Amino acid sequence: MELEDAIVKRRSVKKFDPEFHLNDPQVERLISLALLSPTAFNIQNWRFLWLSDPNLRLEFRKIAWDQAQVTDASAFILIAADLKAWDRDPERYWRNQPDFAKTVVPAMGQYYRGKERIQRDEAMRSAGIAAQTLMLAAKGMGLDSCPMTGFNYDAAGSLIKLPKDYCLTMAVAVGRALEPANARGGQLPLSEVFFKNRFP
Ligand SMILES: Cc1cc2nc3c(=O)[nH]c(=O)nc-3n(C[C@H](O)[C@H](O)[C@H](O)COP(=O)(O)O)c2cc1C
């Protein structure tokens, strides 16, 4: 599928076919493609948690407004982020470029150390970009998806044993649509959201 086609055809599907299954290599392929998403300083701060246990998915659905996508999609993937990724052996993010690592690694420390808000902003940026890569990769593989934040984050954190220093950003359900997505809600015109040089 052409990229533009995938962008246009990706929609947030509400009804997934519960009989349609993805195998481990298919899910690993999706995540491997998401791992090619850009991150600041190549920090790769996202962490993907695949809820493959049906019982855990049932539990999760209870804290997600009973949304059917949680249990009916073939794969339900939570995207968390390590807020301290910048401080965890950061040389490995540049292991193929050891000379560049000598300057970029100290710069990373300066950029993030003691700046909780920037650490959290980075988590959300990285995860959002990765989620879109995941959804477009799914579309490219002939699959459908739904991005989701409609769940109780505190309860979800307990359920999945979210590690200290991690934050939970969002979920992506992936599978095969039983019904097409609802009609688009109504896109804003370019004139309302796109500007040149300065805001009016
Ligand atoms: C961050 C985020 C959270 C969302 N959470 C939910 C959700 O919990 N449940 C749901 O059905 N759709 C959810 N959506 C889907 C949006 O409703 C949908 O993207 C929007 O209506 C535009 O439709 P489209 O994705 O089909 O173009 C979410 C989308 C985003 C980006």
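What this report covers is the structure whose coordinates are included nearby. Because the structure is predicted, anything quoted here is derived from the model rather than measured. (Residues numbered from 1 in each chain as written. Predicted model: local features only at pLDDT ≥ 70, side-chain atom pairs only at ≥ 80, totals over all residues. Heavy atoms only, no water.)

### Structural notes on the site of the ligand
Every residue close to the ligand is listed here: R10, R11, S12, K14, Q67, Q69, C146, P147, M148, T149, G150 and R184. Within the side chain of R10, an N or O atom sits 3.0 Å from an oxygen atom of the ligand. Here an oxygen atom of the ligand sits 3.3 Å away from a polar atom, N or O, in the side chain of R184. In terms of residue count, strand β3 (residues 144–148) provides more of the shell around the ligand than any other element does, three residues in total. (Near = heavy atom within 4 Å. Polar contact = N/O pair within 3.5 Å; in protein donor to acceptor, adjacent residues only side chain to side chain. Helix = DSSP H or I, 4+ residues; strand = E, 2+ residues; numbered from the N terminus.)

### Quick word on the packing of helix α2 (residues 24–34) against helix α6 (residues 116–140)
Orientation of α2 relative to α6, taken along the N-to-C sense of each, is 135 degrees, at an axis distance of 8 Å. Taken together, the axes of α2 and α6 are oblique relative to one another. α6 is crossed by α2, and the crossing has right-handed handedness. Between α2 and α6, the contacting residues are L30, I31, L33 and A34 on the first element and A130, T133, L134, A137 and A138 on the second. (Axes fitted to C-alpha atoms, helices over the stretch in contact; angles between N-to-C directions. Parallel < 35°, antiparallel > 145°, perpendicular 65-115°, else oblique. Left-handed = near helix turned anticlockwise from the far one by under 90°. Contact = heavy atoms within 4.5 Å.)

### So, the sheet that holds strand β4 (residues 166–175)
Strands belonging to one sheet form pairs held by backbone hydrogen bonds; the direction of such a pair is parallel or antiparallel. The strand order β1-β2-β4-β3 describes an open sheet built from four strands, whose pairing is antiparallel. Only two strands of the sheet have a single neighbouring strand rather than two, namely β1 (46–50) and β3. On average, each strand axis in the sheet is tilted by 25 degrees relative to the strand beside it, whichever way the strands run. Both β1 and strand β2 (residues 75–82) contribute to a ladder of five bridges, which runs antiparallel. Bridging from a neighbouring strand, W50 pairs with I77 of β2. With respect to the sheet, α2 is in contact with β1, β2 and β4, its orientation differing from that of β1 by roughly 165 degrees. Against the sheet, helix α7 (residues 153–160) engages β1, β2 and β4, with an angle of about 85 degrees to β4. (Pairing = 2+ DSSP bridges.)

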